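Close look at the chain arrangement
Here is how the chains run, residue by residue.
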Amino acid sequence: MSAAVPDSPHNTSISVAETVQPREMAAGFASAQVLLKPRKAQPFFGRHPWVLDTAVARIEGDATDGDIVDLISDKGRFIARGLYNSRSRLRVRLYTWNHGEALDEEFFRQRLERAIEVRRELRYDNPSGACRLVFSEADGLSGLVVDRYGEYLAVQATALAISLRLDLFVSVLFDLMHPRGVVLRQERGAVQMEGISHEADRHWGELPTGPVFIEEHGLRYGIDLREGHKTGFYLDQRENRRIAADYVHGRRVLDMFCYSGGFALNAARHGGASEVLCVDSSDKALSLARANAELNGVANLQFRAEDAFGALQESVQKREKFGVVILDPPKFARSRAAVNDALMAYHQINRLAVSLLEPGGILVTCSCSGHVLREDFLHMLAGIAQRSGREIQVLQQRGASPDHPVSATCLESEYLKCFICRVP
Ligand code: SAH
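First, a word on scope: everything that follows refers to the structure included in this document. (Residues numbered from 1 in each chain as written. Predicted model: local features only at pLDDT ≥ 70, side-chain atom pairs only at ≥ 80, totals over all residues. Heavy atoms only, no water.)

**With respect to the overall build of the protein chain**
What counts is decided by this rule: Secondary structure elements are defined from DSSP: runs of H or I of at least 4 residues count as helices, runs of E of at least 2 residues count as strands, and each element is numbered from the N terminus. For the radius of gyration, the atom set is restricted to C-alpha positions; the globular benchmark scales as 2.2 Å times the number of residues to the power 0.38. In this description, accessible areas are obtained by the Shrake-Rupley approach with a 1.4 Å probe, and a residue is regarded as covered only by the protein chains that are shown. Only four residue types enter the tally: Lys and Arg on the positive side, Asp and Glu on the negative side, with His and both chain ends excluded. To locate a charge, take atom NZ for lysine, CZ for arginine, CG for aspartate or CD for glutamate.
In terms of regular secondary structure, the protein chain is built from 12 helices and 20 strands. Computed over its C-alpha atoms, the radius of gyration of the protein chain comes to 23 Å, within 12% of the 22 Å expected for a compact globule of 424 residues. The principal-axis extent of the C-alpha atoms belonging to the protein chain is close to 70 × 50 × 35 Å. As displayed, the protein chain offers around 18,500 Å² of accessible surface, 49% of which is attributable to carbon and sulfur atoms. Looking at charge distribution, the protein chain has the averaged site of its 51 positive side-chain charges lying 5 Å from that of its 54 negative ones.

Right, here's the structure in full:
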């Protein structure tokens with residue numbers, strides 16, 4: 001390692017798992033071969049990075065979790081090189097299809113450099129702004145997410161092999177980005193599925209003592225890097241928050257599932273909404289939204305702590321009307337098996353939202369469930385249009401902001417859908 005991580009008295013102790021260096025790191029070449037079953041190789045020749053346990057025939061050689069392995073077809077052909085985890089259904093994650101390329105520090109440094117360069121090209125490099133610097137498969141780094149909040153970084157390892165190499169990644173990130181501090185955010189699902197050891201409060205360099213303030217579209221937000229949702233902010237909705245504001249002029253807006261108030265603040269500041277009602281079931285989220293409204297001197301926001309399903313139903317009963325309803329719910333489908341229930345839940349909230357809209361009103365409706373496909377979501381909207389007798393004109397079909405690219409060789413990286421609809 002060449003890059004130096006600032007020594008901090010606050011650095012938390014490192015768990016046993018983290019002290020075990022994957023054995024072949026120095027060389028960067030495979031310690032074992034993972035042989036595929038017949039007729040399973042095609043997706044991997046097509047550079048899909050996830051090898052499921054069901055595709056694997058056997059392992060030759062000695063592979064410990066986190067080790068580098070080569071993926072070999074049943075005909076004995078080298079396909080790709082990746083990182084192994086016997087504890088995960090996602091048995092191997094692939095990183096290079098070049099036989100001569102080692103998965104060493106230099107390799108990962110280049111991947112990080114490339115990812116950071118993309119965000120520069122996107123002009124997402126405002127020093128007081130925030131963006132996703134590394135988005136896992138979409139940046140050729142399956143299992144690693146890095147978000148920048150001003151001078152701080154939040155890292156998330158959703159793969160065991162990445163979590164075992166965190167010191168390496170963080171060290172390179174210090175070298176390339178010179179952050180004041182890096183905070184580890186763990187996702188419960190990944191910790192369980194990958195067998196990652198849970199570590200509370202791990203960080204490198206300085207740990208922010210209060211909120212980290214960032215700027216987006218001229219609005220300021222206080223971000224809680226240690227406790228906030230995701231890594232602190234829904235960076236993926238950045239462009240949608242701004243575009244949605246173009247439809248709210250002079251209108252009464254309902255920002256349902258408002259979290260820290262991003263859609264509401266843009267609607268009030270940039271869109272000229274007459275008033276915005278912010279609803280979230282979490283008191284913590286609402287206090288973030290209130291603090292952000294105050295921070296920006298935005299006065300025409302109201303806040304209500306309520307469950308969305310109940311709140312929407314009650315508003316319909318009271319015959320309330322809005323010019324714009326924004327629905328940005330949490331992930332409703334965590335697996336393929338949950339898709340039908342999720343679609344029913346989307347149907348329910350969208351149907352209620354449509355009945356709250358005055359004629360010519362705007363519905364901004366989102367889904368961050370990757371398992372629910374764009375087309376499924378459109379069919380759900382079609383069902384509402386048919387049954388309610390109200391036309392739904394889809395004006396814009398949008399996705400996540402471009403710092404969350406979709407990898408064409410791993411379409412699972414597309415997850416966020418945002419439809420802007422007019423309801424005559
Ligand atoms: N629109 C936000 C992100 C929303 S995230 C932004 O741009 O930043 C989803 C939010 O839904 C979370 O804040 C969560 O607290 C809230 N939530 C989850 N379940 C809910 C429910 N049943 N009713 C209301 N809010 C809910």
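**Re the packing of helix α11 (residues 339–356) against helix α12 (residues 374–388)**
Let me state the cut-off plainly: Orientation is described by lines fitted to C-alpha atoms, with helices fitted over the stretch in contact, and by angles between N-to-C directions that extend from 0 to 180 degrees. Oblique is the label for every angle not falling under 35 degrees (roughly parallel), over 145 degrees (roughly antiparallel), or within 65 to 115 degrees (roughly perpendicular). In this scheme the crossing of two helices becomes right-handed for a clockwise turn of the near helix relative to the far one and left-handed for an anticlockwise turn of less than a right angle. Pairs of residues are marked as contacts when any of their non-hydrogen atoms sit within 4.5 Å. Ten residues, namely Ala, Val, Leu, Ile, Met, Phe, Trp, Tyr, Cys and Pro, are considered nonpolar, four, namely Asp, Glu, Lys and Arg, are considered charged, and the remaining ones, Gly among them, are considered polar.
The interhelical angle for the contact between α11 and α12, taken along N-to-C directions, is 45 degrees, at an axis separation of 10 Å. The orientation of α11 relative to α12 falls into the category oblique. Judged by the sense of rotation from one axis to the other, the crossing of α11 with α12 is right-handed. Only D376, F377, M380, L381, G383, I384, R387 and S388 of α12 make contact with α11, whose side of the interface consists of L343, Y346, H347, N350, R351 and V354. When its residues are assigned to classes, the contact of α11 with α12 shows 7 nonpolar, 4 polar and 3 charged.

**Things to note about the site of the ligand**
Convention followed: Think of it this way: one heavy atom of a residue within 4 Å of a molecule or strand is enough to make that residue near it. Residues adjacent in sequence count toward polar contacts only when both atoms are side-chain atoms; beyond that, a polar contact is any pair of N or O atoms within 3.5 Å, and within protein one must be able to donate a hydrogen and the other to accept it.
Contacts to the ligand come from 15 residues, most closely from R241, D280, D307, A308 and D328. Backbone polar atom of S281 to a nitrogen atom of the ligand: 3.1 Å apart, as the coordinates give it. Contact between the ligand and A308: a nitrogen atom at 2.8 Å from a main-chain N or O atom of the residue. Protein contacts shield 89% of the accessible area of the ligand, which totals 580 Å² for the unbound molecule.

**What to know about the sheet that holds strand β17 (residues 322–327)**
Within a sheet, neighbouring strands are paired by backbone hydrogen bonds and run either parallel or antiparallel to one another. For clarity, the threshold we go by: Only when DSSP finds a minimum of two bridges between them are two strands counted as paired.
With mixed pairing, the 7 strands of this open sheet are ordered in space as β16-β15-β14-β17-β18-β20-β19. Every other strand in the sheet has two partners, leaving β16 (301–305) and β19 (393–398) as the edge strands with one partner each. The sheet shows a mean angle of 15 degrees between the axes of neighbouring strands, direction not considered. The pairing of strand β15 (residues 275–280) with β16 spans 5 bridges and is classified as parallel. Its bridge partner lying in β16, D280 is registered against A305.

**Structural notes on the environment of E358**
Mapped onto the fold, E358 is located in strand β18 (residues 357–367). The sequence separation of E358 and L160 amounts to 198 residues, and the corresponding C-alpha distance is 50 Å. Look past the residues within four positions of E358 in its chain and what remains in contact with it is R251, K321, F322, G323, R390 and V423.

**Things to note about the side chain of N296**
Inclusion rule: Categorising residues by exposure relies on relative accessible area from a 1.4 Å probe, with only protein chains included: less than 20% of the type maximum marks a residue as buried, more than 50% marks it as exposed, and the intermediate range marks it as partly exposed.
You can see N296 is positioned in the loop between α9 (283–295) and β16. With a relative accessible area of 10%, N296 lands in the buried category. Dropping the residues within four chain positions of it, N296 is found in contact with L219, R220, L265 and R269.

**Considering the packing of aromatic side chains**
Inclusion rule: Aromatic rings from Phe, Tyr and Trp, with only the six-membered ring used for Trp, were paired whenever their centres fell within 6.5 Å, and each pair was classed as stacked if the ring planes differed by under 30 degrees, edge-to-face if by over 60, and tilted otherwise. Charge-over-ring contacts are defined here by two conditions on Lys NZ or Arg CZ: a distance within 6 Å of the ring centre and an angle within 35 degrees of the ring normal.
For the structure on display, the rule yields 10 aromatic pairs. Aromatic pair Y221 and F233: ring centres 4.8 Å apart, planes at 50 degrees, arrangement tilted. One end of the pair, Y221, is in strand β13 (residues 219–223); the other, F233, is in the loop between β13 and α7 (238–244), and 12 residues separate them in sequence. Grouping residues by exposure puts Y221 and F233 together as buried. Aromatic rings pair up to connect F309, F332, Y346, F377 and F419 into one cluster. The residue whose ring lies beneath R238 is Y124, and the NZ or CZ to ring-centre distance is 3.7 Å.

**Points about helix α10 (residues 308–317)**
Under the convention used in this document: Summarising the geometry, the arc corresponds to the directions from the helix axis toward the C-beta atoms.
For α10, the set of buried residues is A308, A311, L312 and S315. Each buried residue of α10 sits inside an arc of 95 degrees when the element is viewed along its axis, so together they form one side. The N-terminus of α10 is capped by D307, whose side-chain oxygen sits 3.2 Å from the backbone nitrogen of F309. In the segment just after α10, R319 is the residue with positive phi, at about 55 degrees.

**What about the nonpolar core?**
Side chains of a nonpolar character, in soluble globular proteins, are inclined to be buried together. What counts is decided by this rule: To define a nonpolar core, start from buried Ala, Val, Leu, Ile, Met, Phe, Trp, Tyr and Cys residues and group those joined through side-chain atoms within 4.5 Å.
Counting residues in each nonpolar core, the largest one holds 37 residues, and the members touching the most others are Y149, I214, L225, V276, L301 and V364. Beyond its immediate sequence surroundings of up to four residues, L225 is in contact with Y149, Y152, A154, V183, R185, P208, V212 and T231. Formed by 33 residues, the second largest nonpolar core is a distinct cluster that contains F257, I349, I392 and V423.

**Remarks on the pairing of strand β10 (residues 181–184)**
Taking every second residue as pointing to the same face, both faces of β10 are buried, with G181 and V183 on one and V182 and L184 on the other. Here strand β9 (residues 152–157) runs beside β10; their pairing, made up of 4 bridges, is parallel. Residue pairing in the sheet places V155 in a bridge with L184 of β10. When β10 meets strand β11 (residues 203–205), the two strands line up antiparallel, connected through 3 bridges. Across the sheet, V183 pairs through a bridge with H203, a residue of β11.

**As for helix α5 (residues 166–177)**
Heads up, the rule is: Every helix has an expected span of 1.5 Å times one less than the residues it contains.
The terminal C-alpha atoms of α5 lie 16 Å apart, and with 12 residues this matches the ideal 16 Å at 1.5 Å per residue to within 8%. In this structure, the buried side of α5 is in contact with α3 (105–121), β8 (144–149), β9, α4 (160–164), β10 and β11. Just downstream of α5 lies H178, where phi reads positive at about 50 degrees.

**What about the packing of α10 against α11?**
One way to put it is that α10 packs onto α11 with a least axis distance of 9 Å and a crossing angle of 30 degrees. The angle between α10 and α11 falls in the class roughly parallel. Here α10 and α11 pass one another in a crossing that is left-handed. On α11, the residues touching F309, L312, Q313, S315 and V316 of α10 are A345, Q348, I349, L352, S355 and L356. Of the residues belonging to the contact of α10 with α11, the class tally is 7 nonpolar, 4 polar and no charged.

By themselves these figures say nothing about function.
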